[in-house]
Amino acid sequence: MRLRPLLATVTAALAAATCLTAAAPANAQRGNACSPSVSIEGFSDALDKTTYEGTFVGNFSALAVDRDGRIAAVSDRSALFTLDRKTLRPASVVPLADESGAALDSEGLAVDRDGTRLVASETEPSIRRYARNGRILDRLPVPDALRVAPAGRATSNQTFEGLTFLPGRRTLLAGMEGSLAGDTTGIVRFQTWERQRGHFALDAQYGYRTDTGLNVSETTATPDGRLLVLERGFTAGVGNTVRLYLADLRRATDTSGIDTLTGQSGVRLVRKTLLADLVNCPSLGAQAKQPQPNPLLDNIEGLAVTGGGAHGRLNLLLVSDDNQNPVQITRFYSLRVRL
């Protein structure tokens, strides 16, 4: 196992086991640049195919920063981990389930101001609020149209994939992975909820157009209220495509009352700007277990803003979902972005 850069300097023993190494700022070394506004600081495969307290460490589909600065990471196999911010070593794990005790397909994660976890499952889809010990506290309403057919117009395994609080934590946003039946392929819905008297009520909805052949794999708010959106695709024999976009909800049309989105006149979709196509990042010596256009790439699904903010510079932590598959990797990536 070859380990690379991470987020901070720790003891030599821990660094040898789990850390990503440090690199230069986004605009300092061309060798680390993925694009003019994004650079890669490093990566780590240290958790790949490991276990913690009898639980497989992997299948990661979302990341969020906890109140104490540690990293919350949700597995789509119904496990919620807490990871050390510096070493990424697991510090705790709790199982997750629905009200009947059934497993979830957990794809989105957000941490509220009181430390409770909001977890999106794409099975129904659903969003539930959990205590830190995994106990269900609440369940948010979901528009009928976003439910999996025949209850709604969504396709199975193409529903809530991203979940994030906008600044102030009054508004929660979930990004759909794929299009609803009747909507033009490639136009997906972003649904929001507004906090009202301790609960979340349905609020505005927006349309977002993905690149051809790609789906939304994560949505994460920036400190100024815009969104970082990961778009991802996979082609057998070729590998993954992963692109990072900056999206702006301002001036986008509220589509909650619009039955079908076809790119029609008068409906303004969410504006987006490409920050980086990650195929253009330096590989940093990474190795892939299956064909990839860049051996650094894998099935990247999770993204969290871990620091920065001054002058539009953000530190990001990304993670890939290995699907517990021997030819995929649980890999963490440290990026720096200049907005």
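A short tour of the structure in this document, coming up. (Residues numbered from 1 in each chain as written. Predicted model: local features only at pLDDT ≥ 70, side-chain atom pairs only at ≥ 80, totals over all residues. Heavy atoms only, no water.)

## Digging into the layout of surface pockets
Going by this rule: A 1.4 Å probe that fits but cannot get out identifies a cavity on a 1 Å grid over protein atoms alone, an open set with protein on both sides within 12 Å along at least five of seven lines counts as a pocket, and a residue lines either if it has an atom within 4 Å of a point. Grid points are joined across faces, edges and corners, and a volume is the space filled by probe spheres set on the points. Going along the chain from the N terminus, every DSSP run of H or I of four or more residues is numbered as a helix, and every run of E of two or more is numbered as a strand. Side-chain classes are defined by residue name, with Ala, Val, Leu, Ile, Met, Phe, Trp, Tyr, Cys and Pro counting as nonpolar, Asp, Glu, Lys and Arg as charged, and the others, Gly among them, as polar.
Taken as a whole, the largest pocket holds about 420 Å³ of empty space. Lining the largest pocket are 21 residues, and of these Thr 164, Phe 165, Arg 169, Thr 220 and Ala 221 lie nearest its centre. At the level of elements, β5 (60-65), β9 (106-111), β13 (160-165), β17 (215-221) and β21 (300-308) are the ones that each hand at least two residues to the lining of the largest pocket. Classifying every residue of the lining of the largest pocket gives 15 nonpolar, four polar and two charged.

## Section: the sheet that holds strand β18 (residues 227-235)
Let me state the cut-off plainly: Pairs of strands are assigned from DSSP output, requiring at least two bridges between the strands. Note on geometry: axes are C-alpha line fits, over the in-contact stretch for helices, and angles between N-to-C directions span 0 to 180 degrees.
On the basis of which strands lie adjacent, the open sheet formed by four strands has the order β17-β18-β19-β20 and antiparallel pairing. In this open sheet, the two strands that pair with only one neighbour each are β17 and β20 (271-277). In this sheet, neighbouring strand axes are inclined to one another by 30° on average, regardless of whether the strands run parallel or antiparallel. In terms of strand pairing, β18 meets strand β19 (residues 239-248) through nine bridges, oriented antiparallel. Along β19, the bridge assignment pairs Phe 234 with Asn 240.

## A closer look at unusual backbone geometry
With the exception of glycine, the majority of residues adopt a negative phi angle, and the majority of peptide bonds are in the trans configuration. Note the cis peptide between Glu 124 and Pro 125, where omega equals 0°. For the bond from Ala 149 to Pro 150, the omega torsion is 10°, close enough to zero to count as cis. Inspection of the secondary structure assignment puts Pro 150 in the loop between β12 (136-139) and β13. For Lys 49, which is not glycine, the phi dihedral falls at a positive 60°.

## Topic: the nonpolar core
We count it as follows: What makes a nonpolar core is a set of buried Ala, Val, Leu, Ile, Met, Phe, Trp, Tyr and Cys residues whose side-chain atoms join them at distances within 4.5 Å. Burial here depends on accessible area, computed with a 1.4 Å probe over protein chains only, as a share of the maximum for the residue type. Under 20% is buried, over 50% is exposed, and the range in between is partly exposed.
One finds Ile 127, Phe 160, Leu 172, Phe 190, Tyr 208 and Leu 227 to be the most contacted residues of the largest nonpolar core, which totals 33 residues. For this core, the secondary structure elements donating two or more residues are β10 (117-121), β13, β14 (171-176), β15 (187-196), β16 (199-209), β17, β18 and β19. Core analysis: the second largest hydrophobic core is formed by 24 residues, Leu 246, Leu 297, Ile 300 and Leu 335 among them.

## Structural notes on the side chain of Thr 222
Heads up, the rule is: Note on contacts: a residue pair qualifies if any of its non-hydrogen atoms lie within 4.5 Å across the two residues.
Within the secondary structure layout, Thr 222 lies in the loop between β17 and β18. With a relative accessible area of 1%, Thr 222 lands in the buried category. Every residue in contact with Thr 222, bar those within four places of it in the chain, is listed here: Pro 167, Leu 227, Leu 228, Leu 246, Leu 314 and Leu 339.

## Notes on the pattern of salt bridges
Note the following rule: Definition used for salt bridges: Asp or Glu carboxyl oxygen within 4 Å of a side-chain nitrogen of Lys or Arg.
Taken as a whole and judged by the stated rule, the model has 28 salt bridges. A salt bridge links Arg 77 to Asp 76; the nearest nitrogen and oxygen atoms lie 3.6 Å apart. Residue Arg 153 is joined to Asp 259 by a salt bridge in which the shortest nitrogen-to-oxygen separation is 3.5 Å. Residue Arg 153 is found in the loop between β12 and β13, and its partner Asp 259 is found in the loop between β19 and β20; the two are separated by 106 residues along the sequence.

## Overview of the state of the cysteines
Stated formally: Cysteine sulfur atoms are paired as a disulfide whenever they fall within 2.5 Å.
For the coordinates displayed, the defined rule picks out one disulfide. Through a disulfide, Cys 34 is tied to Cys 281; the S-S separation comes to 2.0 Å. Negative torsions about the S-S bond denote left-handed disulfides, and the value of about 110° found for Cys 34 with Cys 281 makes this one right-handed. One end of the pair, Cys 34, is in strand β1 (residues 33-35); the other, Cys 281, is in the loop between β20 and β21, with 247 residues separating them in the sequence. Each member of the pair, Cys 34 together with Cys 281, is buried.

## So, the sheet that holds β1
Sheet strands pair by backbone hydrogen bonding; their relative direction is either parallel or antiparallel. Ordered in space as β1-β2-β23-β22-β21, the five strands form an open sheet in which the pairing is antiparallel. Every interior strand has two partners, whereas the edge strands, β1 and β21, have only one. Strand-to-strand twist of the sheet, defined as the mean angle between neighbouring strand axes without regard to direction, takes the value 30°. Summarising the sheet, strand β22 (residues 313-320) and strand β23 (residues 332-338) pair through seven bridges and their orientation is antiparallel. For Val 319, the partnering residue across the bridge sits in β23 and is Phe 332.

## Description of the side chain of Ser 44
Selection rule: Whenever two N or O atoms come within 3.5 Å, that pair is a polar contact, provided that in protein one can donate a hydrogen and the other can accept it, and provided that, for residues adjacent in sequence, both atoms are side-chain atoms.
Residue placement: Ser 44 occurs in strand β2 (residues 38-44). Given the relative accessible area of 2%, Ser 44 is considered buried. Of the polar contacts made by the side chain of Ser 44, one reaches the backbone nitrogen of Ala 46; its length is 3.2 Å.

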